[in-house]
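# Architecture and fold: a report
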Amino acid sequence: MKKTILSGSTVTGDLTLGNYIGAINNWTKLQDEYDCLYFLADLHALTVQQDPKVLKERTYSFLAQYVALGLDPQKNIIFAQSHVHQHTELSWILTCLTPMGNLNRMTQFKEKSEKHSKNINAGLFTYPTLMAADILLYQADKVPVGEDQKQHIELCRDLVTYFSNRYGEGILKMPEPFIAKMGARIMSLQDPSKKMSKSDENEKNFIAVIEDAKKIEKKIKSATTDSDTVIKYDLQNKPGLANLLTIYSVLSGKSYETLEKDYEGKMYGHLKVDLANLVVETLAPVKAKYDDLMKNRDYLDQLFKIGADKASQRAQVTLDKVYTAVGLVPRQ
Ligand code: ATP
Ligand code: LTN
């Protein structure tokens, strides 16, 4: 039996190089070896204010971006969270098991409530219980995510323990986070002290995976580095350069040492030009495939339907077990 992998990303902004390197690039490597489910967290997107038209367009766009980035709809179950009603149902059961104190500790909640100080809604606070439902419905063994999501997965694991203590072992599987050794935290291009985020207001901070070549070049050339000239991976003292070297290393498969040797005696400018070319080369076929897919709405709708049908079937098995365990009368 193959192990089950599940992951998703919130439907906000456009997927960035950070999402690609920290998450989706790893997802595509897993699709042959594991039973994989990847979804679009459209319900999670509602925890911050959304324009309904934009959210709808973006959900199609994200599906096209997933497929263009190499997620094969034949090999993986790809679906929208809101198409599988079991997510919100399990989320409620878990919400009733979650101590407020556990949610209060979540750094993402603290960060997002500072950023959206006029809209600190209850959904933003209970976000991790919906995320736990996403994972537990499919009895996922591993959850590939970037570093920033580790805390939410720890909370999900705590919920499995609370649930098992109260209602019995073996109903919900304990998941493991699966965090890549390299590239799990790609930093903002202008401010390498914070992570690259697709909902950043300053678009110079990120590169979208469907961005055009000219913009990519410009953004990499203007990325913040330091006033030194030696090309060396030094996270402490040269965080901007270290970030560029990480992107370079993941995309080229070359180690930091090899890159340092290749650029001995060269300037930061050389590295930036080469890196910009590499990023453009990597993303050009993605953009072409994406543009093609976006012209074919019917095909995207078909993918949504296939994904939702497959995911629902599996989700219902777990939900039935959970409802029975907690003492709800089965619907006749
Ligand atoms: P937002 O800015 O809307 O919060 P985000 O860019 O953080 O979005 P998510 O939807 O939260 O993106 O994340 C999707 C996946 O990408 C998650 O697994 C997350 O850990 C990973 N990820 C996000 N940003 C980065 C980054 N800068 N480096 C590496 N991985 C990342
Ligand atoms: N919160 C995640 C997106 C997400 C997710 C999940 C990731 C929602 N549900 C379940 C893995 C498993 C984020 O990256 N912001």
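This report concerns the structure included in the present document. None of these values were measured; they are calculated from a predicted model. (Residues numbered from 1 in each chain as written. Chains lettered and ligands numbered in written order. Predicted model: local features only at pLDDT ≥ 70, side-chain atom pairs only at ≥ 80, totals over all residues. Heavy atoms only, no water.)

## Thoughts on the overall build of the protein
Selection criterion: Only DSSP runs of H or I covering at least 4 residues are called helices, and only runs of E covering at least 2 are called strands; the numbering of each starts at the N terminus. Every radius of gyration here is taken over C-alpha atoms, with the globule rule written as 2.2 Å times N^0.38, N being the number of residues. Contact between two residues is taken to exist if any of their heavy atoms lie within 4.5 Å; hydrogens are not considered. Here the accessible surface of atoms and residues is derived via Shrake-Rupley with a 1.4 Å probe, and residues count as covered only by protein chains that are part of the display. Positive charges are assigned to Lys and Arg, negative charges to Asp and Glu, while His and the chain termini are left out of the count. A charge is said to be at NZ when it belongs to Lys, at CZ for Arg, at CG for Asp and at CD for Glu.
A count of helices and strands for the protein gives 13 helices and five strands. Taken over the C-alpha trace, the protein has a radius of gyration of 21 Å; the compact-globule value for 332 residues is 20 Å, and the two agree within 12%. Taking the intrachain contacts of the protein between residues at least 6 apart in sequence as the baseline, contacts between residues at least 24 apart amount to 77%. When the accessible surface of the protein is totalled, it reaches about 16200 Å², and 52% of it is carbon and sulfur. Distance between charge centres in the protein, computed from 43 positive and 41 negative side chains, equals 1 Å.

## Description of the packing of aromatic side chains
Basically, it comes down to this: A pair of Phe, Tyr and Trp rings is counted when the ring centres sit within 6.5 Å of each other, with Trp represented by its six-membered ring. The angle between the planes then sorts it: under 30 degrees is stacked, over 60 is edge-to-face, the rest tilted. Residue burial is assigned from relative accessible area. The probe radius is 1.4 Å, only protein chains are included, and a residue is buried under 20% of its type maximum, exposed over 50%, and partly exposed in between. Distance and angle both matter: a charge sits over a ring if NZ of Lys or CZ of Arg is within 6 Å of the ring centre and within 35 degrees of the ring normal.
Tallied over the entire structure, the rule returns nine aromatic pairs. Taken together, a centroid distance of 5.7 Å and an interplanar angle of 55 degrees make the contact between Phe79 and Tyr138 tilted. Of this pair, Phe79 sits in strand S3 (residues 76–80) while Tyr138 sits in the loop between helix H7 (122–136) and strand S4 (142–144); the two residues are 59 residues apart in sequence, bridging distant segments of the chain. The two residues Phe79 and Tyr138 agree in class, both being buried. Both rings, one in Phe163 and one in Tyr167, keep their centres 4.9 Å apart while their planes meet at 50 degrees; by these two values the pair is tilted. Placement of both Phe163 and Tyr167 in helix H8 (residues 150–167) is noted, with a separation of four residues, approximately one turn of the helix. Three or more aromatic residues joined by ring pairs form one cluster here, namely Trp27, Tyr38 and Tyr66. Here the basic side chain of Lys219 rests over the ring of Phe206, its NZ or CZ set 5.0 Å away from the ring centre. Positioned over the ring face of Tyr263 is Lys266, at 5.5 Å from the centre of the ring.

## Some words on the site of ligand 1
Here is the rule we go by: A cutoff of 4 Å decides nearness: a residue is near a molecule or strand if any of its heavy atoms lies inside that distance of it. Here a polar contact is taken to be a pair of N or O atoms separated by no more than 3.5 Å, where protein atoms must pair a possible hydrogen donor with a possible acceptor and residues adjacent in sequence count only if both atoms sit in side chains. A cavity here means a set of 1 Å grid points, computed over protein atoms only, where a 1.4 Å probe fits but cannot escape. A pocket is an open set with protein on both sides within 12 Å along at least 5 of 7 lines, and lining residues have an atom within 4 Å of a point. A cavity or pocket is said to hold a molecule if more than half of that molecule's atoms lie within 2 Å of its grid points.
Within the structure, ligand 1 sits among 21 residues, and Gly146, Asp148, Lys195, Ser197 and Ser199 are positioned closest to it. Gly18 is positioned with one of its backbone polar atoms (N or O) 3.3 Å from a nitrogen atom of ligand 1. Between ligand 1 and Met196 there is a distance of 2.9 Å, counted from a nitrogen atom to a backbone nitrogen or oxygen. In isolation ligand 1 has 600 Å² of accessible area, and contact with the protein removes 96% of it. More than half of the atoms of ligand 1 fall within 2 Å of the grid points belonging to the largest pocket.

## Comments concerning the state of the cysteines
Throughout this description, disulfide means a covalent bond between two cysteine sulfur atoms. Worth spelling out the cut-off: The criterion for a disulfide is a pair of cysteine sulfur atoms lying within 2.5 Å.
This model, assessed by the stated rule, comprises zero disulfides. Cys96 forms no disulfide, and the closest cysteine sulfur to it belongs to Cys156, at a distance of 16 Å. Overall, the relative accessible area of 47% leaves Cys96 in the partly exposed class. The exposure class of Cys156 is buried, given its relative accessible area of 0%.

## Observations concerning helix H10 (residues 239–252)
This is how it is decided: To estimate the expected span of a helix, count its residues, drop one, and scale the result by 1.5 Å.
Across its 14 residues, H10 extends 20 Å between first and last C-alpha, which sits within 8% of the 20 Å expected from 1.5 Å per residue. The buried count for H10 comes to eleven of 14 residues, which makes it a mostly enclosed element. When we look at burial in H10, the residues that qualify are Gly240, Leu241, Ala242, Asn243, Leu244, Leu245, Thr246, Ile247, Tyr248, Ser249 and Leu251. On its buried side, H10 packs onto helix H1 (17–30), helix H11 (256–262) and helix H12 (268–294). Once H10 finishes, Gly253 follows within two positions and takes phi at roughly 80 degrees, a positive value.

## Re the pairing of strand S1 (residues 4–10)
What counts, and what does not: Whether two strands pair comes down to DSSP finding at least two bridges between them. Here is how to tell: hold the view so the strands point away, follow the path from the first strand over the helix to the second, and if it runs clockwise the crossover is right-handed.
The buried fraction of S1 amounts to six of the seven residues, a majority that puts the element mostly inside the structure. In terms of strand pairing, S1 meets strand S2 (residues 35–41) through seven bridges, oriented parallel. Counted as the bridge partner of Thr4 is Asp35 from S2. What joins S1 to S2 is H1, and the crossover it makes is right-handed.

## Here's the deal with unusual backbone geometry
Positive phi, close to 50 degrees, is recorded for Gln139, a residue that is not glycine. By the secondary structure assignment, Gln139 is in the loop between H7 and S4.

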